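Secondary and tertiary structure notes
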Amino acid sequence: MMIQVQNLTYFYPYTSNTPALYDVSVTIRKGELILITGPTAAGKTTLCLAIAGILEHEFEGKKSGNVTFKGQDVKLYDGLSELNQHVSMVFDDADAQLIFTSVEEEILSGIQMRGGSTEEIRERMEHVMQVCGITHLRDRPPYALSGGQKQRVAIAATLAMNTECIILDEPTSELDVSATSQIISLLSALKNEGKTVIVVDHSLEEYRLVADRVICMEKGRIHTIGTFEEIYTNKEPVISPEALYKRNDLLPYLPPDGISPIITVKDLVKRYDTILALDGITTDIYPGEFIAILGENGSGKTTLVKHFNGLLRPDVGKIWVNGLDATTAPVTTLVRHTGLVFQNPDTMLFADTVREEILFGLMNVNELDPDAVILDVLSMVGLVGTQEMYPRHLSRGERQRLAVACILAMRPEIIVLDEPTTGLDEAESDTMMQLMERLQQSGHTIIMVTHNMRIAETYADRIIGMENGKITGDYQIKGGISS
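Our subject in this report is the structure included herewith.

The rules behind each value
Residues numbered from 1 in each chain as written. Predicted model: local features only at pLDDT ≥ 70, side-chain atom pairs only at ≥ 80, totals over all residues. Heavy atoms only, no water. Helix = DSSP H or I, 4+ residues; strand = E, 2+ residues; numbered from the N terminus. Pairing = 2+ DSSP bridges. Contact = heavy atoms within 4.5 Å. Axes fitted to C-alpha atoms, helices over the stretch in contact; angles between N-to-C directions. Left-handed = near helix turned anticlockwise from the far one by under 90°. Nonpolar A, V, L, I, M, F, W, Y, C, P; charged D, E, K, R; others polar. Salt bridge = Lys/Arg side-chain N within 4 Å of Asp/Glu carboxyl O. Buried < 20%, exposed > 50% of the residue type's maximum accessible area, 1.4 Å probe, protein only. Expected span 1.5 Å × (residues − 1). Arc of directions from axis to C-beta. Parallel < 35°, antiparallel > 145°, perpendicular 65-115°, else oblique.

The phi torsion at Asp23 lies on the positive side, around 50°, for a residue other than glycine. You can see Asp23 is positioned in strand 2 (residues 21–28). Notably, Asp273 is not glycine yet its phi reads approximately 55°, a positive angle. You can see Asp273 is positioned in the loop between strand 12 (263–272) and strand 13 (275–285).

This part covers the sheet that holds strand 16 (residues 324–325). Pairing in this open sheet of four strands is antiparallel, and the strands run 13-12-15-16 from one edge to the other. Both edges of this open sheet fall to strand 13 and strand 16, since each of them pairs with a single strand only.

Before going further, it helps to spend a moment on the side chain of Thr9. Along the chain, Thr9 turns up in strand 1 (residues 3–11). Those residues in contact with Thr9, other than ones at most four positions away along the chain, are Pro19, Leu21, Tyr22, Asp23, Lys62, Lys63 and Ser64.

What follows is about the packing of helix 12 (residues 354–363) against helix 14 (residues 396–408). Viewed as axis vectors pointing N to C, helix 12 and helix 14 meet at an angle of 35°, and their least axial separation amounts to 8 Å. Remark: the crossing between helix 12 and helix 14 carries right-handed chirality. Facing helix 12, whose interface residues are Val354, Glu357 and Ile358, helix 14 presents Leu402, Ala405 and Cys406. Here the residues of the contact of helix 12 with helix 14 sort into five nonpolar, no polar and one charged.

This part takes up the pattern of salt bridges. With the rule as written, the count across this model stands at 22 salt bridges. A salt bridge links Arg138 to Glu104; its shortest N-O distance comes to 2.9 Å. Remark: Glu104 occurs in helix 4 (residues 103–114) and Arg138 occurs in the loop between helix 5 (118–131) and helix 6 (147–159); sequence separation between them is 34 residues. Like Arg138, the residue Glu104 is buried in the burial classification. Residues participating in the shared-partner salt-bridge network are Glu104, Arg122, Glu126 and Arg138.

Attention shifts here to helix 5. An ideal rise of 1.5 Å per residue puts 20 Å on 14 residues; helix 5 measures up with 20 Å between its terminal C-alpha atoms. Three or more residues of helix 5 are buried, namely Ile121, Met125, Val128 and Met129. Mapping the buried residues of helix 5 onto a view down its axis gives an arc of 95°, with all of them on the same face. Seen from the buried face of helix 5, the exposed residues on the opposite side, beyond 90 degrees, are Glu119 and Gln130. Of the residues flanking the end of helix 5, it is Gly133, one or two places downstream, whose phi is positive at about 70°.

Running from N to C, helix 6 and helix 7 (residues 177–192) point in directions that differ by 10°, and their axes come no closer than 12 Å. Relative to helix 7, helix 6 is oriented roughly parallel. Two packed elements cross with a definite hand, and for helix 6 against helix 7 that hand is left-handed. Contacts between helix 6 and helix 7 involve Arg152, Ile155 and Leu159 from the former and Ala179, Gln182, Ile183, Leu186 and Leu190 from the latter. Considering only residue class, the contact of helix 6 with helix 7 consists of six nonpolar, one polar and one charged.

Set out below in structure tokens:
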């Protein structure tokens, strides 16, 4: 057997008495493609960290049971340096893995660890970049890429190491439909080469034809193990933006009469060096709308919304936000009107407790009763009782909701969410969107960048499509597409 987990129980340090894993046992054979799924905080990532030896060699905490890799207990390997010769892992936070100044350097770093001639290294780099669809990004700095592009670079850098076991945590969470299909085809090819592939993902249907077995987890335990057909009998349609735009129940967007826009964008152009990220964007957004902005990775969605609170300034064009000239107004002024929840909540969280995280923003607006506001926003996002917890010990969905709470505490009229359901299961995603619906009903304007077509068609009342830095479609939804 390639991997054997026996009666594994694990408690993270400085957390409650609830184990992240409880009495988990599973055997994974060489050449299998295993899909691990389950709700947020089910223990999926922790199991992967255990299999990779990271829990044993890098994490503190209480552990019982054991994990063996190729017949040897992971604790007997000479640290991660030896384990990394056999197993590599793509984490759910691409930003944490990308440390070099160009995409090409990221890929080369993994290949050079394996050794080989200059020609072999160059050939493997070109191959990996091609199959991951990132050749055109080779000279770009990773920090300037979109979330989906970063994710593909992180996958490519890991594949370049050419290990016999590859673990991927939410590899498609920030990818559009086309890129997701490409990555899953790549994983299928790796399985056919004899690699052992372990994938954590909430997107299930795409794996129906490639997964050998599915491990379903819940509350730190393995709930079910079986083939895809044994566990999932109904096929779920995968909706692409293109298919969504062709539906005959989408109507061209008509602006409301007698209402002034809360955001006006006119002839907006933005470049990253030689890359044209936004190409003459013109649009109006009105108070109380719930807008979904759709488009492929790198289409300009995140670049557009970062102009709404001054994080980016246009090269050409004008933006007005609630009557303020967003090309010149101070960021400290704009953020009082437009709150942006980033694609990765961990980029927003830095304090030692949940309370201090929210308090930081309140100190900038001179709130007279901050504790009352903190309790109020934690109640709104379902996190009452977490005030003294360390934010990084929350689940991904809880950290996402904490990031929203930090924004809500500032009471902005406009709330912008960049891929708010990334890494969340369907129930967590709906919880987040129902919160946004309540905020819309209370008068907030909601702008959401998303790849999740189900979320867009269920909750948004307006859809803006983008491609290559341009708006390619603007539609309104009467009563929801699915109704």
